[in-house]
Amino acid sequence: MTPQELLVSAIKDGTVIDHITAGRALKIIRVLRLPDHKKVVTVGLNLPSRAMGHKDLIKVEGRELTPEEANEVALLAPEASINIIKNYKVTKKFKVQIPQTIERVVVCPNPKCITNFERMTTLFSVKRYGTVIKLSCKYCEKIFEQEEIKDYNL
Amino acid sequence: MLTFKNRDILSIKEFTKEEILHVLKVASALKKKPQPKLLDGYVLGSCFFEPSTRTRLSFETAMQRLGGKVIGFADPNVTSTKKGETLYDSIKIISQYADVIAMRHPLEGAARRAAEASEKPIINGGDGANQHPSQTFLDLLSIQETQKKLENLSIAFVGDLKYGRTVHSLAQALCHFNSRVYCVAPEMLQMPEYILDEFKLSRIKFSLHSELEPILPKVDILYMTRIQAERFGDPAEYEKVKNAYVLTAAMLKGVKSNLKILHPLPRVNEVAPDVDATPYAYYFQEAENGLYVREALFGLVLGKF
Ligand SMILES: [Zn+2]
């Protein structure tokens, strides 16, 4: 068995997050709080991909991602696809979608933003410029590119 | 029907053109005819989490000239913020005492956060580098009263256009009025990309310049700003540009007769004192207009207009 076969080998019940922008899997694992998941989580980094060159992949045994969670993934990996697995079969497969607003998850990168000083929920609106996604903070009104977002509320 | 009653005044971006014109109309009316009893019985909460004597006095005087009273603080050290109280809690309490709150805070987005805590309207008197809408209204009022219109004017922004909060807000407001905008600044302090994007979206004609003198004969309004030494990592860089945009009376030969010079104040040396005596100087009247604009905002959010 090659390492790649190992990674894509079937799980019984759970979720496979595929086509993750290379380098983003570890952030997604944090955002989805997968280290606290009591069952097996398998991560593949920099796997060769025909469409993307390189991609990351996450398999989560025994957990079906909710649509909200899938949207959180979209923020980090807009190309990702979600496969829901039941009894070794893909029962649902869909592309993630960027939500119009993002509540709580994103930490505002502006060090002078009030949200970094009060116990409060952040809120960003999502603006698309072609393939570029920008987030606008409701409070400090600054606009950020995805790359500038470094921290997530877990 | 425009309604301002109970509305928070947080960001100039939230105002339509009609709303902006309405605020200016009310402010001009109050300038012509004072209304010393209009807000009799009302209380302003004046909350300055960051000191700013000029802005605070302007808000407090506005309330008193309309017959209202003022409570508040001018210095964050006297509040329980020092003891770790959240802004949310502080405002929640003060909003039980006051009918309207004017606030300044060093953090960006603080006024919007305060508005979530308060059932009374919040007027943002500056939240960090973010917004200061009453300043923009007074800039617009000064432009309107000196030019008799807001549409189709040529305006030069000069100095620190990158960090200047008043510049950004006024630039955003001008997108409603088909202005021709000249951005005059050292390259490293030029107008940020997101403002230029807004110009493009609103089909505002603009151009970027590093020299001031060739622009002077072209404009109706010259909006001067201060270049702050602390913006420069390298003091030598600051030395290079600090005198590049010093306006003197001698430079004003050949300007349009209707030219007016605005400045959000305080000035350092970018407008020489000999400019004050020219017919083009308008920065002191501009500061006075802050009073009428703030009176208008109080009257509007308290449902009097
Ligand atoms: Zn923010």
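Keep in mind it's a predicted model, so treat the numbers as computed, not measured.

Scoring rules and cut-offs
- Residues numbered from 1 in each chain as written.
- Chains lettered and ligands numbered in written order.
- Predicted model: local features only at pLDDT ≥ 70, side-chain atom pairs only at ≥ 80, totals over all residues.
- Heavy atoms only, no water.
- Domains from an automatic or database assignment.
- Buried area = accessible area lost by both parts, 1.4 Å probe.
- Salt bridge = Lys/Arg side-chain N within 4 Å of Asp/Glu carboxyl O.
- Contact = heavy atoms within 4.5 Å.
- Polar contact = N/O pair within 3.5 Å; in protein donor to acceptor, adjacent residues only side chain to side chain.
- Helix = DSSP H or I, 4+ residues; strand = E, 2+ residues; numbered from the N terminus.
- Pairing = 2+ DSSP bridges.
- Axes fitted to C-alpha atoms, helices over the stretch in contact; angles between N-to-C directions.

**Structural notes on the domain arrangement of chain B**
All names here are of chain B.
Working step 1: Domains assigned within chain B are domain 1 (12-132 + 290-301) and domain 2 (133-287).
Working step 2: Placing a centre on the C-alpha atoms of domain 1 and another on those of domain 2 gives a separation of 26 Å.
Working step 3: Overall, the association of domain 1 and domain 2 removes approximately 2,200 Å² of surface from exposure, summing both partners, and the carbon and sulfur fraction of that is 61%.
Working step 4: Viewed at the interface, domain 2 and domain 1 are joined by two salt bridges.

**Describing the domain arrangement of chain A**
Residues and elements named next belong to chain A.
Working step 1: When the domains of chain A are assigned, the result is domain 1 (3-95) and domain 2 (101-148).
Working step 2: Averaged C-alpha coordinates put domain 1 and domain 2 at centres separated by 25 Å.
Working step 3: Counting from both sides, the interface comprises nine residues of domain 1 and, opposite them, eight residues of domain 2.
Working step 4: Of the roughly 600 Å² buried at the junction of domain 1 and domain 2 (both faces included), carbon and sulfur atoms supply 54%.
Working step 5: Considering only the side of domain 1, the residues that lose the most area to domain 2 are Arg24, Glu72 and Leu75, jointly responsible for 67% of the buried surface there.
Working step 6: If you look at where domain 1 meets domain 2, you find one salt bridge.
Working step 7: The partner of arginine 24 in a salt bridge is glutamate 147, and the shortest N-O contact between them spans 2.9 Å.
Working step 8: For the pair domain 1 and domain 2, the interface holds two residue pairs in polar contact (both at pLDDT 80 or more).
Working step 9: Considering each element in turn, the side of domain 1 that touches domain 2 owes the most residues, four residues, to helix 3 (residues 67-76).

**Some remarks on the sheet that holds strand 7 (residues 123-129) of chain A**
All names here are of chain A.
Working step 1: Read across the sheet, four strands follow the order 6-7-8-9 without closing on themselves; strand pairing throughout is antiparallel. Each having just a single partner strand, strand 6 (101-103) and strand 9 (143-145) make up the two edges of the open sheet. Averaged over all pairs of adjacent strands, the angle between strand axes in this sheet comes to 30 degrees, irrespective of strand direction.
Working step 2: Relative to strand 7, strand 6 runs antiparallel, the two being bridged by three bridges. Across the sheet, the residue bridging to threonine 101 is serine 125, located in strand 7.

**Details of the interface of chain B and chain A**
Working step 1: The partner chain A presents 13 residues to the 16 residues of chain B that form the contact.
Working step 2: In total, about 1,400 Å² of surface goes out of reach between chain B and chain A, with carbon and sulfur atoms giving 46% of it.
Working step 3: Among the residues of chain B in contact with chain A, Leu107, Glu108 and Arg113 of chain B are the three that bury the most area, contributing 42% of the side total.
Working step 4: Linking chain B with chain A are five salt bridges.

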